[in-house]
Amino acid sequence: MSSVSKIKKFVNSQRILLILIAMALIMSLLIENFATVGNIMTIARQVSVYGIIAVGMTFVIMTGGIDISVGSTVALGGVVASMADLAGCPLIISIFIAILFGLAAGAINGFLIAYCKMLPFVATLGMLNVIRAASLIITNGSALYGMSDSFLKLSAGYLWGVIPYPVVIMLAVFLLGGILIKHFSLGRFFLAVGGNEESARLAGVNTRRVKLSAYVIAGGLTAISGVLLASRLGTAQPSTGSGYEQVVIASVVIGGTSLLGGTGSMIGTLWGTLILGLVSSALNQLGVQQFYQTLVTGLIVIIAVLFDVLKKDR
């Protein structure tokens, strides 16, 4: 293989990472102190909530599905964990209870889609409202305050005094997600079901159970993000998380996971999450108004999906 062919192969395989590096360099030139460790860690802390959700969303989209109820599950996870903390539960128990609620929400999504044959968009659209209503009902529509110091330090602490705990948790989740895809049959089944569900079924894969598993994992991870967000903000509000599904799906698509299912990787999703985080941070520091930021995010998603369609056609 010639040197030119090797370079082309490398660029094609690592194009998302190269785009991320190029964007970081450009923003460092345009914005003073953008490339400092403090600013980078701030961006990483901000995207950690989206990143953890994006791991579960990657599994879901790999199977050919989608979950637009994640924003509501973020609110539910934060509310449940905060209520448990205010009731005097230890931090680990509060987190565990939140995860259970997230798993339950994901299980309902998965059951409706895998066993009741509902379209993923329709099922999760309905659950978006049901889960949001659950958060409003159990809080009576009110925000929760006054959580314990241990709860608040979950997002405020640092590993080795440099890396925020939410970033550590996000990277650990991405690592475990990558291991699941590469070294466990369930991860390979996600790709198989998304690539050709009928072929996977004929090969002996329990496709309904695989789909259910994807949504259950997504629900549990989303609840963890809700806990981290409530910890960072110092409050849990039943209205939190609105619009999160757009950012998360955008991160997954930008990272190379096809909305048609059957392809994707955790490292790609990580780069996609960081790209959106860099863009959002840069636009904020440049003083760009919020509605223009929304426009930019939408355009990025359209371009990413367009490239995915063109690649599929080839």
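Structure first, text after, so check above.
Position labels on residues start from 1 in each chain and follow its written sequence. Local features in this predicted model are restricted to residues of pLDDT 70 or higher, and side-chain atom pairs are both shown and tallied only at a pLDDT of 80 or more, whereas totals for entire chains, interfaces and linings draw on every residue. Neither water nor hydrogens contribute to the side-chain values; these are computed over all heavy atoms in the structure.

Digging into the side chain of Asn39
A helix here means a DSSP run of H or I that spans at least four residues, while a strand means a run of E at least two residues long, and both kinds are numbered starting from the N terminus. On the secondary structure map, Asn39 appears in helix α3 (residues 37-62). Three labels apply to residues, based on accessible area from a 1.4 Å probe with only protein chains included: buried if under 20% of the type maximum, exposed if over 50%, partly exposed otherwise in between. Relative accessible area serves as the criterion here: at 14%, Asn39 is assigned to the buried category. Nitrogen and oxygen atoms within 3.5 Å of one another constitute a polar contact, given that in protein one can donate a hydrogen and the other can accept it, and given that sequence-neighbouring residues count only through two side-chain atoms. A distance of 3.2 Å separates polar atoms of two side chains, one belonging to Asn39 and the other to Gln285. Non-local contacts of Asn39, meaning those with residues more than four positions away in its chain, are made with Asn33, Phe34, Ser281 and Gln285. By definition in these notes, contact holds between two residues if any of their heavy atoms fall within 4.5 Å.

What about the environment of Leu76?
Residue placement: Leu76 occurs in helix α4 (residues 70-86). For Leu76, a relative accessible area of 8% gives the class buried. Along the backbone, Leu76 and Arg132 are 56 residues apart, and their C-alpha atoms lie at a distance of 7.2 Å.

Focus on the side chain of Ser258
Mapped onto the elements, Ser258 comes out in the loop between α12 (244-254) and α13 (266-285). For Ser258, a relative accessible area of 0% translates into the label buried. In this structure the side chain of Ser258 is engaged in a polar contact, spanning 3.1 Å, whose partner is the backbone nitrogen of Leu260.

Re the pattern of salt bridges
Whenever a carboxyl oxygen of Asp or Glu lies within 4 Å of a side-chain nitrogen of Lys or Arg, that contact is scored as a salt bridge. In the structure shown here, the tally under the stated rule is two salt bridges. Two residues, Lys211 and Glu197, come together in a salt bridge whose shortest N-O distance is 3.1 Å. Taken together, the residues span a long stretch of sequence, with Lys211 in helix α11 (residues 207-233) and Glu197 in helix α10 (residues 197-202) at a distance of 14 residues. Overall, Glu197 belongs to the partly exposed group, its relative accessible area being 31%. Salt-bridge contacts for Glu198 lead to Arg201; the nearest nitrogen and oxygen are separated by 2.4 Å. Residue Glu198 and its partner Arg201 are located together in helix α10, separated by three residues, close to a single helical turn. Taking relative accessible area as the criterion, Glu198 reaches 41% and is therefore assigned partly exposed.

Focus: helix α9 (residues 185-195)
Looking only at α9, the buried set comprises Gly187, Phe190, Val193 and Gly194. One side of α9 carries all its buried residues, which in axial view fall inside an arc of 125°. Think of the arc as the fan of directions from the helix axis to the C-beta atoms.

Some points on the packing of aromatic side chains
Pairing of aromatic rings covers Phe, Tyr and Trp, the last counted by its six-membered ring, and requires centre-to-centre distances within 6.5 Å; plane angles under 30 degrees mean stacked, over 60 mean edge-to-face, and any other angle means tilted. Under the counting rule described, the total for this entry stands at three aromatic pairs. Pairing Tyr50 with Tyr244 gives two aromatic rings, centres 4.9 Å apart and planes at 50°, and the pair type is tilted. Of this pair, Tyr50 sits in helix α3 while Tyr244 sits in helix α12, placing them 194 residues apart in sequence. What makes Tyr244 buried here is its relative accessible area of 13%. The interplanar angle of 20° and the centroid separation of 5.6 Å between the aromatic rings of Phe111 and Tyr115 together place this pair among those described as stacked. We classify Phe111 as partly exposed; its relative accessible area is 45%.

Looking at the packing of α3 against α12
Two numbers describe how α3 lies on α12: the axes approach to 9 Å, and their chain directions differ by 65°. Relative to α12, α3 is oriented roughly perpendicular. As for the relative orientation of α3 and α12, their crossing is right-handed in sense. Where α3 abuts α12, its residues Val49, Tyr50, Ile53, Ala54, Met57, Thr58 and Ile61 lie against Tyr244, Val247, Val248, Ile249 and Val252. Of the residues in the contact of α3 with α12, the class split is eleven nonpolar, one polar and no charged. For helices, the fitted axis covers only the stretch in contact; all axes are lines through C-alpha atoms, and the angles between them, taken along N-to-C directions, range from 0 to 180 degrees. To sort the angles, those under 35 degrees are grouped as roughly parallel, those over 145 as roughly antiparallel, those from 65 to 115 as roughly perpendicular, and the leftovers as oblique. Left-handed describes a crossing in which the near helix is turned anticlockwise from the far one by less than a right angle; the clockwise case is right-handed. Residue polarity is assigned by list, with Asp, Glu, Lys and Arg as charged and Ala, Val, Leu, Ile, Met, Phe, Trp, Tyr, Cys and Pro as nonpolar; anything else, Gly included, falls into the polar class.

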